[in-house]
Amino acid sequence: MSLPMLRGCSKFPSTFSFTRLFLNESIVLNRSGKTRLSSPCPGAVAAAARPYSSERGGNRHSQSLVVVGIPNPFIWFRTRIYYFLIRTYFDKDFSIEEFTEGAKQAFSHVSKLLSQCRFEALEGLVATDLVGKLEEKCNLLPSSHKKALSADPEEIVYTIPGDVGIYYDDNGRKFVSILMRFWYLTSANLPDDFMEGSRDIQMASREGELETKRLLTANYEFQREFTKGVTPDWTIVRIEHSKLLG
């Protein structure tokens, strides 16, 4: 599975009988510099630690950005049932770990294309009807906001599946969708009131200088049709960037 090289563009039929489960995640940057959010994986702490310093009232404090997964056993169990169903009835080689890694690459690639307004390059990666909507929204954004859309792979600090769905339509077509949630850092110059409750993070660059960055979130939903005879491609059918693209 090579998600960055998605091909095909399928759409949701007008009528579905479906089952969907929702996972609710929250993210908080606390005073100690730890970024805490919920995770569907119990017993595991997925963390990304990076040194940075923050300034408050003229004082500089050296801290670390740490992403900690808080286990939710019930949600973890339900998602594992869905992954089992996908492997049993749709794709015996499906792996959520492999899917997550591919989704991160796809997210970085597509977000850069959006930032550069290269909408024609989204063909085959993003649903056709979604590309037009994204073009309308992106054309209204100032250059700083467009820059903030781009997520460099090294700046993605956390990724989790947020919503899993299995769909059937009246004609027997079968679909699987997985909503992925990403937290990433950006150095784009955004207004101070851009995100309520957020704060700037100063991180050491490769040259040793301090660079101010901000933590942003994005939701990308991937869909694949598993009907017999259909090309087995994942397509992005939903894109949301907090405060940038709703």
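Residues numbered from 1 in each chain as written. Predicted model: local features only at pLDDT ≥ 70, side-chain atom pairs only at ≥ 80, totals over all residues. Heavy atoms only, no water.

Caption draft 1: Here's a closer look at helix α1 (residues 73-89). In a regular helix each residue adds 1.5 Å, so 17 residues correspond to 24 Å; α1 covers 24 Å between its end C-alpha atoms and thus fits that length. For α1, the complete set of buried residues consists of I75, T79, Y82, Y83 and I86. Seen along its axis, α1 keeps its buried residues to an arc of 100°; they face one direction. Facing away from the buried side of α1, by more than 90 degrees, are the exposed residues P73, F74 and Y89. (Helix = DSSP H or I, 4+ residues; strand = E, 2+ residues; numbered from the N terminus. Expected span 1.5 Å × (residues − 1). Buried < 20%, exposed > 50% of the residue type's maximum accessible area, 1.4 Å probe, protein only. Arc of directions from axis to C-beta.)

Caption draft 2: Up close: the side chain of K213. Within the secondary structure layout, K213 lies in strand β9 (residues 210-225). Within the local environment of K213, its side chain forms a polar contact with the side chain of E155, the two groups lying 2.4 Å apart. (Polar contact = N/O pair within 3.5 Å; in protein donor to acceptor, adjacent residues only side chain to side chain.)

Caption draft 3: The arrangement of the nonpolar core in detail. By size, the foremost hydrophobic cluster in this structure holds 47 residues, and its most contacted members are F99, V110, L114, V126, Y220, F222 and I239. Those elements that provide at least two residues to this core are α1, α2 (96-115), α3 (128-138), α4 (143-149), β6 (156-169), β7 (174-186), β9 and β10 (234-241). Considering every element that reaches this core, the biggest residue donor is α2, with eight residues. Within the second largest apolar cluster, six residues are counted, among which are Y158, I160, W183 and L185. (Core = buried A, V, L, I, M, F, W, Y, C linked by side-chain atoms within 4.5 Å.)

Caption draft 4: Broad picture of the environment of F99. Inspection of the secondary structure puts F99 in helix α2. Residue F99 is classed as buried on the basis of its relative accessible area of 0%.

Caption draft 5: Layout of the side chain of S115. Looking at where S115 falls in the secondary structure, it is placed in helix α2. Beyond its immediate stretch of four places on either side in the chain, S115 contacts K146, K147, L149 and S150. (Contact = heavy atoms within 4.5 Å.)

Caption draft 6: Quick look at the pattern of salt bridges. One pass over the structure, following the stated rule, counts seven salt bridges. In this structure, the salt-bridge partner of K112 is D152, at a minimum N-O distance of 4.0 Å. Of this pair, K112 sits in helix α2 while D152 sits in the loop between α4 and β6, and the two are 40 residues apart along the sequence. Judged by its relative accessible area of 28%, K112 falls in the partly exposed class. Given a relative accessible area of 32%, D152 falls into the partly exposed group. As a salt-bridge pair, R173 and E225 come within 3.0 Å of each other at their nearest N and O atoms. Taken together, the residues R173 in the loop between β6 and β7 and E225 in strand β9 connect sequence positions 52 residues apart. Classification of E225 as buried rests on a relative accessible area of 8%. Residues joined by salt bridges that share partners form a network here, namely E221, R238 and E240. (Salt bridge = Lys/Arg side-chain N within 4 Å of Asp/Glu carboxyl O.)

Caption draft 7: Quick look at the state of the cysteines. Inspection of every chain in the model, using the stated rule, returns zero disulfides. Free cysteine C117: the closest other cysteine sulfur is in C138, separated by 5.6 Å. (Disulfide = S-S within 2.5 Å.)

Caption draft 8: Up close: the environment of M180. Within the element layout of this structure, M180 appears in strand β7. We classify M180 as buried; its relative accessible area is 0%. The spacing of M180 and I239 is 59 residues in sequence and 9.9 Å in space, taken between C-alpha atoms. In contact with M180, other than residues within four places in its own chain, are F99, T100, A103, T159, I160, P161, A218, N219, Y220 and F222.

Caption draft 9: Just the packing of aromatic side chains, in detail. Evaluated as defined, the whole model comprises twelve aromatic pairs. When the ring of F99 is compared with that of F222, the centres are 5.7 Å apart and the planes differ by 85°; the resulting orientation is edge-to-face. Of this pair, F99 sits in helix α2 while F222 sits in strand β9; the two residues are 123 residues apart in sequence, bridging distant segments of the chain. The pair formed by F99 and F222 is uniform in burial state, with each residue classed as buried. Ring pairs connect the aromatic residues Y83, F90, F94, F99, Y168, F222, F226 and W234, which therefore count as one cluster. (Phe/Tyr/Trp six-rings, centres within 6.5 Å; stacked < 30°, edge-to-face > 60°.)

Caption draft 10: Examining the pairing of β10 more closely. Extensive coverage of β10 is indicated by the burial of six of its eight residues. The pairing of β9 with β10 spans seven bridges and is antiparallel. Considered in β10, the bridge of A218 is made with H241. (Pairing = 2+ DSSP bridges.)

Fair warning: the whole summary comes from geometry, so function is off the table for now.
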